[in-house]
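# Coordinate inspection notes
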Amino acid sequence: MVSLFQILMLILDIVWFFIIAHVIMSWLINFQVLNLHQQLVAQIWYGLNRILEPLYTPVRRVIPNMGGLDLAPLVVLVAVYALRIILMNNMAAFY
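Residues numbered from 1 in each chain as written. Predicted model: local features only at pLDDT ≥ 70, side-chain atom pairs only at ≥ 80, totals over all residues. Heavy atoms only, no water.

Here the focus is the UniProt feature "transmembrane region" (unreviewed entry) in the chain. According to UniProt, the positions carrying the feature "transmembrane region" (unreviewed entry) are residues 7–29 and 71–87. Helix makes up 100% of residues 7–29 and strand 0%. Its end C-alpha atoms lie 33 Å apart. Between the end C-alpha atoms of residues 71–87 there is a gap of 24 Å, over a span that is 94% helix and 0% strand. (UniProt positions renumbered as here; feature names shortened; annotations may be inferred. Helix = DSSP H or I, 4+ residues; strand = E, 2+ residues; numbered from the N terminus.)

Here the focus is the packing of helix H1 (residues 2–30) against helix H3 (residues 72–89). Look at H1 against H3: their axes get within 10 Å of each other, and the N-to-C directions meet at 160°. Classed by the angle they form, the pair H1 and H3 counts as roughly antiparallel. Considering only the axes of H1 and H3, their crossing is left-handed. On H3, the residues touching Phe5, Leu8, Met9, Leu12, Asp13, Val15, Trp16, Ile19, Ile20 and Val23 of H1 are Pro73, Val76, Leu77, Val80, Tyr81, Leu83, Arg84, Leu87 and Met88. Across the contact of H1 with H3, the residue classes break down as 17 nonpolar, no polar and 2 charged. (Axes fitted to C-alpha atoms, helices over the stretch in contact; angles between N-to-C directions. Parallel < 35°, antiparallel > 145°, perpendicular 65-115°, else oblique. Left-handed = near helix turned anticlockwise from the far one by under 90°. Contact = heavy atoms within 4.5 Å. Nonpolar A, V, L, I, M, F, W, Y, C, P; charged D, E, K, R; others polar.)

What follows deals with the packing of aromatic side chains. Summed over all chains, the structure comprises 2 aromatic pairs. Ring centres of Phe17 and Phe18 lie 6.2 Å apart, and the angle between their planes is 45°; this geometry places the pair in the tilted category. Residue classification places Phe17 among the exposed positions, given a relative accessible area of 54%. (Phe/Tyr/Trp six-rings, centres within 6.5 Å; stacked < 30°, edge-to-face > 60°. Buried < 20%, exposed > 50% of the residue type's maximum accessible area, 1.4 Å probe, protein only.)

In terms of nonpolar packing, the biggest core is built from 15 residues, with Phe5, Ile19, Tyr56, Val76, Val80 and Leu87 touching the most fellow members. If you list the elements that add at least two residues to this core, you get H1, helix H2 (39–62) and H3. Of all the elements, H1 adds the most residues to this core, at 6 residues. Apart from residues lying up to four places away in sequence, Phe5 is in contact with Leu87, Met88, Met91 and Phe94. By size, the runner-up hydrophobic cluster in this structure holds 5 residues, among which are Met25, Ile29, Val41 and Leu48. (Core = buried A, V, L, I, M, F, W, Y, C linked by side-chain atoms within 4.5 Å.)

Here's what the structure looks like:
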C-alpha cells in the first residue's frame, strides 16, 4: 500500500509541474519571449494544452468569466495541493 501512496504523490507532483510549466509558458508567449511559430515551442505548448484542458474545462464552467484573466490553473493548483495535504494526513491508511 505504501507504493500506491507514492504513486499517487508522484502523479500529483507531475500534474503540479505541468501546470506551473503551462502558466510560465503562457506568460512567455503573451510577452512575446517565446514564439509559437517555432516548432518545438508549438509542440510543447499544444501538448501541455491537450494534457491540461480536461482539468481546466470543468473548473472554467464553474468559475465566472473574469475577462482576460484565467483563474482555472490557480484553482487546479489549489486542488492538487489540497489533495496532497489530504493524502499526507491520511498516510496511515496506506500502511
